[in-house]
Every structure is written in C-alpha cells, then in structure tokens.
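# Structural overview for review
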Amino acid sequence: MSKEKIKDFELLSPFGPKIGKFNLPKKVLSNFNKLSKKVLKDRERSYNSELVGEIAEEWHVSPSYYSEYQVDSYLDKAVTEYTKNCIYANSGGLKRNYRIKPIVQDGWVNKMKSYEYNPIHFHTSKPPVAVHFSSVLYLEIPEITEPICDLYKDKTDNVNSQKEINMDGKIEFIGSSIPGGQAESLLHEKSSLSLIPKVGQFFIFPYYLLHTVYPFISEKNRLSLAINFGVNVYNG
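For clarity, every value in this text was computed on a predicted model and none was experimentally measured.

Broken down by element type, the protein chain carries three helices and 13 strands. Counting all 236 residues of the protein chain, 44% fall into the buried class. Across the protein chain, contacts joining residues at least 24 apart in sequence account for 80% of those joining residues at least 6 apart. In the structure as shown, the protein chain presents an accessible area of about 12900 Å², 50% of it carried by carbon and sulfur atoms.

Structure below.
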C-alpha cells in the first residue's frame with residue numbers, strides 16, 4: 001500500500017462541474033509507469049469495443065493491478081480529497097463530517113499515436129456497477145514535431161476575433177455549448193477548458209462531463225491511463 005499523501009491538489013471551477021487536478025508523487029508516478037508497461041506487454045484484453053476513441057491501442061486494466069502496483073491507496077485518497085472539496089464548495093463552505101468510500105473500477109491504458117484522437121464523449125457504466133467519476137493521468141507526453149493543420153481561428157465577430165488557437169494534443173473539458181450566433185456569451189461565460197497535459201498530471205471529473213482529446217503529430221507516442229470510480233458518501 002502506498003503511503004504517499006495528497007500534497008498537490010487544485011479544484012478547478014471553470015464552469016458548473018468541478019475538475020480535480022493532482023500532480024502525482026514521483027513514487028506513485030513510477031508505479032503507474034510499471035503498471036502501464038505490464039499492460040502493454042501482456043495485451044490481455046483490448047478495450048476498443050468499449051470505447052469511442054480513434055486509438056488503435058486501448059488496453060483494459062483490471063482493478064487488481066492497482067493493489068499489485070501499490071497505487072490503490074493513493075487513488076482512494078485522491079478520490080476522497082476531490083469528493084470532500086466538491087461537497088464543501090457546493091455547500092457554500094458548510095463543513096460536515098462525511099465518510100467517503102471510493103470504489104476504484106476498471107481502467108484502460110491509451111497508447112496514442114500521431115493523428116489519433118478521442119471525439120467528444122462522456123463515460124458510462126453497466127449495471128450493477130455505478131460510475132460517478134472519471135479520470136485520466138499522463139505518463140508520457142511526446143514533443144509535438146509539427147502542427148497538424150493551420151492554426152485554428154475564431155472567426156466570430158467578438159472581441160477575440162481572429163485569435164489564433166492551436167489545439168494540437170490538448171484535452172478539452174466542455175461544460176456547455178454556446179448556440180450559433182450567440183458569441184456574446186463568451187464575454188460572461190466560460191463554456192470549456194482546454195489544457196496541454198503534462199507528465200504526472202492527474203484529473204478527476206464527473207463521469208457526465210463531456211471531454212475530447214485533439215490529435216497531434218510526433219515521432220513518439222503519448223501514454224495515458226483512464227480510470228472510472230464509484231463513491232459512497234455517508235453522514236458521520
């Protein structure tokens with residue numbers, strides 16, 4: 001069992017649903033790397049049929065691997081920290097004594113190559129398993145060698161007109177969509193959050209939060225691990 005504590009946590013609130021951002025301790029990151037290398041070596045079960053990603057290599061991770069590679073304790077602590085902070089923020093700062101029991105579920109390793117991507121999607125569950133949170137952590141991030149296309153340009157008639165935005169390799173969380181012709185909403189509402197992932201970053205978010213991963217061009221692969229969670233919350 002890992003004894004690593006949650007030291008580097010931030011609760012992001014760009015819109016309604018909240019996103020937990022963690023930086024994995026070196027030991028935990030090392031253990032996750034060992035886990036992913038084992039999964040990629042064994043290739044026991046392809047997970048492509050369960051997922052929407054346009055990614056050739058998506059490999060199932062059984063929950064038993066988390067204890068075998070001593071990351072289970074950290075995952076429990078991270079989900080607990082995220083849940084407590086969400087409850088605190090959504091209750092207006094009301095402190096109550098909750099007992100939180102995370103349920104770590106199946107995961108999958110994504111070995112993402114040039115031009116591969118994940119379309120806009122959310123995560124689901126199959127009865128009797130309930131998914132409350134989803135997550136992604138980053139193990140290897142290659143250098144982008146060239147842009148996949150010309151820089152995207154915002155052609156709307158708002159204050160950000162013609163702003164150049166390069167989305168290559170970014171993960172984007174989508175809180176809402178802005179109706180066509182309603183670009184003025186950008187002045188008072190943030191509808192999405194796009195991030196350039198870094199090695200060791202770990203994000204937890206509600207399972208229903210739409211997200212997408214943009215393609216990139218690189219000589220190397222991107223390696224990430226996604227995990228679903230359930231959670232039970234008790235009073236006292």
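Turning our attention to the environment of Phe122. Tracing the backbone shows Phe122 in the loop between strand E5 (118-121) and strand E6 (133-140). For the pair Phe122 and Thr212, spaced 90 residues apart in the sequence, the C-alpha separation amounts to 8.9 Å. Setting aside residues no more than four positions away along its own chain, Phe122 makes contact with Tyr207, Tyr208, Leu209, Leu210 and His211.

Next up on the list: the pattern of salt bridges. Counting across every chain of the model gives four salt bridges. The shortest N-O distance in the salt bridge between Glu140 and Lys37 comes to 3.7 Å. With Glu140 in strand E6 and Lys37 in helix H1 (residues 26-42), this residue pair connects regions lying 103 residues apart in the sequence. Between Asp42 and Lys38 there is a salt bridge, with the nearest N and O atoms lying 3.1 Å from each other. Of this pair, Asp42 and Lys38 both sit in helix H1, four residues apart, which is roughly one turn of the helix. Judged by its relative accessible area of 27%, Asp42 falls in the partly exposed class. Each member of the salt-bridge network shares a partner with another, and the members are Arg43, Glu57 and Lys113.

What follows is about a nonpolar patch on the surface. A surface patch of nonpolar side chains, amounting to about 480 Å² of accessible area, comprises Ile120, Phe122, Tyr207, Tyr208 and Leu210. Along the chain, the position of Tyr207 falls in the loop between strand E11 (201-206) and strand E12 (210-213).

Before going further, it helps to examine the sheet that holds strand E10 (residues 192-195). Strand order in the open sheet formed by four strands is E5-E12-E9-E10, and the pairing between neighbours is antiparallel. On the outer flanks of this sheet lie E5 and E10, each paired with one strand and no other. Averaged over all neighbouring strand pairs, the angle between strand axes comes to 15°, with direction disregarded. The sheet contact formed by strand E9 (residues 171-174) and E12 spans four bridges and is antiparallel. Residue pairing for E12: Glu172 is matched across the bridge by Thr212.

Let us now look at helix H3 (residues 72-90). Helix length check: H3 (19 residues) gives 27 Å between terminal C-alpha atoms against 27 Å at 1.5 Å per residue, within 8%. All buried positions along H3 are accounted for by Asp72, Ser73, Tyr74, Leu75, Ala78, Val79, Thr80, Tyr82, Thr83 and Cys86. Looking one or two residues past H3, Gly92 carries a phi angle of roughly 75°, positive in sign.

Enumeration over the complete set of coordinates arrives at nine aromatic pairs. Between Phe173 and Phe205, the aromatic rings sit 5.1 Å apart at their centres with planes inclined by 65°, giving edge-to-face as the arrangement. A residue pair is termed long-range when its members are at least 10 positions apart, and Phe173 in strand E9 and Phe205 in strand E11 qualify at 32 residues. Of the two residues, Phe173 and Phe205, both sit in the buried class.

Parameters at a glance
Residues numbered from 1 in each chain as written. Predicted model: local features only at pLDDT ≥ 70, side-chain atom pairs only at ≥ 80, totals over all residues. Heavy atoms only, no water. Helix = DSSP H or I, 4+ residues; strand = E, 2+ residues; numbered from the N terminus. Buried < 20%, exposed > 50% of the residue type's maximum accessible area, 1.4 Å probe, protein only. Contact = heavy atoms within 4.5 Å. Areas by Shrake-Rupley, 256 points an atom, 1.4 Å probe, with all protein chains shown as cover. Salt bridge = Lys/Arg side-chain N within 4 Å of Asp/Glu carboxyl O. Patch = residues over 30% accessible without salt bridge, like charges linked within 9 Å, V, L, I, M, F, W, Y side chains within 5 Å. Pairing = 2+ DSSP bridges. Axes fitted to C-alpha atoms, helices over the stretch in contact; angles between N-to-C directions. Expected span 1.5 Å × (residues − 1). Phe/Tyr/Trp six-rings, centres within 6.5 Å; stacked < 30°, edge-to-face > 60°.

The analysis is restricted to geometry; functional conclusions fall outside its scope.
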